[in-house]
Amino acid sequence: AVAEHKALKDELVALDAAAMVMTTILEAQRRLSDVDGIIDDARYSDAAALILEIAQALHSISARDTAAEPVMVRATKVLYYQKRAILVSRIEEALLHLVSFANGHSVVARQSTPTSAAEDRGGAGGQGDAHTTSLKHVWDALQVLDLQGRRVEQLAETARAKVVAPLLDAARRLPAGRELHAGSDSGEEHGAVSWKWFEVEGEGVGAENIDPEGNIPAAGSKAVNARLRPVQAVLPALESFFTFVLHHLTGDSQEVFSGLGKRLWPPVARALVQHFDTCRLDGG
C-alpha cells in the first residue's frame, strides 16, 4: 500500500509538472503571437520587455539537456528566437536611420523615423507616418535586450572613424589663414538635426607659428613642439561635436552618453597631446 501510494504521488507530481509545462508553452505562444503587432506599432521597448518575459518563462521549463526537451518546447523556443531576431533587426534598422554619418564632415540625427510597416503602408497609399519611433525608444529597447552596450561601442567607433579622426587630421594640417568652424543645423525631415565641421578663411589660431600645409615634422623631431598646431585650433569644434552627441545621439540616456564618452574621449585626448601644442598659447 505504501509503495502504491508513493507511485500515485509521483504520478501526480509528474502530471502537475506536465500541466505547468503545457500552460507555459501555450501562454508563451499566445504572447509571441502579439509580438509582431507591437513591433509594427514601433513600440520597441514594449516588444523588448515582452520578449524578455517570454524568455524567462521558457527558461523556467528548460531542461539541462535541450535534446531531451519535448518537441513543443523546442518548437516554441525556435519561434521565440525568430521573433527576437525580427525585433533586433527592426531596432537596428531604425537606429541606422535615426543616426547617419557622411565621411569626414557631418552627422545627422533624426528625432523620429517611420517604421518599415508604416513605409509599406505609405507606399500603398496609406498613412506612411502612422507609426514612428525615436532614438530614446531605440536605446531603451536595446537596453532591455542587453544589446545597448555593444551598439554604443559600434556607434562610437563609427563616429570616431567618420567624424572625429578626419576632424583632428584636418586641424593638424590646417594651413595659415584658415580656421575650423563647426555647428548644427535643423532640418524638416522627422526633426533632423545635422552637425558638420568645415574650413573657413580667418586669422588663424597661432598662424605665425604654423608651417605650410603638408610640412608636418615627424614625431620626436627637435622642431616638433614649435611647429605643432595649437590645440585651440580644434577644441571649439570638438566641444561642439560632444555637445551635439549629448543632445542628439543619446536619447537622454546617461548610460549611452557615458558609453560614447568612454569610447570617444581617450583617443581624442591622446591625439591632442601627441599632435597639438597644448601649452604655448596660454603659457602652460
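Relevant structure appears above.
Residues numbered from 1 in each chain as written. Predicted model: local features only at pLDDT ≥ 70, side-chain atom pairs only at ≥ 80, totals over all residues. Heavy atoms only, no water.

Trainee: Can you help me understand the environment of Ala75 in this one?
Mentor: When you line up the elements, Ala75 lands in helix H3 (residues 71-98). Note on Ala75: relative accessible area 43%, which makes it partly exposed. Separated by 50 residues in sequence, Ala75 and Ile25 have C-alpha atoms that sit 9.6 Å apart. (Helix = DSSP H or I, 4+ residues; strand = E, 2+ residues; numbered from the N terminus. Buried < 20%, exposed > 50% of the residue type's maximum accessible area, 1.4 Å probe, protein only.)

Trainee: In this structure, what is going on with H3? I would like to understand it.
Mentor: Structurally, the α-helix is built with 3.6 residues per turn, so residues lying three or four positions apart point the same way. For H3, with 28 residues, the first-to-last C-alpha span of 41 Å sits near the 40 Å given by 1.5 Å per residue. Those residues of H3 that sit buried are Val73, Thr76, Lys77, Tyr80, Lys83, Leu87, Val88, Arg90, Ile91, Ala94, Leu95 and Leu98. (Expected span 1.5 Å × (residues − 1).)

Trainee: So what exactly am I meant to see when it comes to the pattern of salt bridges here?
Mentor: Side chains bearing opposite charge may pair, as long as their charged atoms lie close to each other. Scanning the entire structure with this criterion turns up 15 salt bridges. We note a salt bridge from Glu53 to Arg31, for which the minimum N-O separation is 2.4 Å. Of the two residues, Glu53 is situated in helix H2 (residues 44-60) and Arg31 in helix H1 (residues 2-40); the sequence distance between them amounts to 22 residues. For Arg31, a relative accessible area of 23% puts it in the partly exposed group. Taking the shortest distance from any N to any O, the salt bridge between Arg43 and Asp41 comes out at 3.8 Å. Taking relative accessible area as the criterion, Arg43 reaches 39% and is therefore assigned partly exposed. The structure contains a network of salt bridges with shared partners spanning Glu27, Arg30 and Asp34. (Salt bridge = Lys/Arg side-chain N within 4 Å of Asp/Glu carboxyl O.)

Trainee: Whenever I open this one, the sheet that holds strand E2 (residues 106-109) confuses me. Can you help?
Mentor: Adjacent strands of a sheet pair through backbone hydrogen bonds, lying either parallel or antiparallel. Spatial ordering of the open sheet is given by E1-E2-E6-E5, a layout of four strands whose pairing is antiparallel. One side of each edge strand has no neighbouring strand; the edge strands of this open sheet are strand E1 (99-102) and strand E5 (178-186). Going across the sheet, the axis of each strand differs from the next one's by a mean of 20 degrees, ignoring polarity. The sheet contact formed by E2 and strand E6 (residues 193-201) spans four bridges and is antiparallel. When the bridges of E6 are listed, Val108 appears paired with Ser194. Sheet strands touched by H3: E1 and E2. Its angle to E1, the strand with the most contacts, is close to 50 degrees. (Pairing = 2+ DSSP bridges. Axes fitted to C-alpha atoms, helices over the stretch in contact; angles between N-to-C directions. Contact = heavy atoms within 4.5 Å.)

Trainee: Is there a simple way to think about the side chain of Glu69 in this case?
Mentor: Mapped onto the elements, Glu69 comes out in the loop between H2 and H3. Once you skip the residues sitting within four places of it in the chain, Glu69 turns out to touch Ser62, Ala63, Arg74 and Lys77.

Trainee: Hey, could you run me through helix H8 (residues 235-248) in this one?
Mentor: If you check H8, its first and last C-alpha atoms are 20 Å apart, about what 14 residues at 1.5 Å a residue would give, namely 20 Å. Taken as a whole, H8 has its buried residues at Ala237, Leu238, Ser240, Phe241, Phe242, Phe244 and Val245. Looking at the buried residues of H8, the elements they touch are E2, helix H6 (148-172), E5, E6 and helix H9 (254-275).

Trainee: Before we go on, may I ask you to explain the packing of aromatic side chains in this structure?
Mentor: Any pair of aromatic rings gets described here by the distance separating the centres and the angle formed by the planes. Tallied over the entire structure, the rule returns four aromatic pairs. Each ring, one from Phe241 and one from Phe242, has its centre 5.7 Å from the other, and the planes form 70 degrees; the classification is edge-to-face. Given a relative accessible area of 18%, Phe242 falls into the buried group. Through pairs of rings, three or more aromatic residues link up here, namely Trp195, Phe241, Phe242 and Trp265. (Phe/Tyr/Trp six-rings, centres within 6.5 Å; stacked < 30°, edge-to-face > 60°.)

Trainee: Just to check I follow, could you spell out the packing of H3 against helix H5 (residues 135-144) for this structure?
Mentor: Geometrically, a packed helix pair is captured by the angle between its two axes and the distance between the axes. Running from amino to carboxyl end, H3 crosses H5 at an angle of 140 degrees, the nearest separation of the two axes being 10 Å. In terms of their interaxial angle, H3 and H5 are classed as oblique. Here H3 and H5 pass one another in a crossing that is left-handed. Only Leu135, Val138, Trp139, Ala141 and Leu142 of H5 make contact with H3, whose side of the interface consists of Ile91, Ala94, Leu95 and Leu98. Looking at the contact of H3 with H5 residue by residue, the class counts come to nine nonpolar, no polar and no charged. (Parallel < 35°, antiparallel > 145°, perpendicular 65-115°, else oblique. Left-handed = near helix turned anticlockwise from the far one by under 90°. Nonpolar A, V, L, I, M, F, W, Y, C, P; charged D, E, K, R; others polar.)

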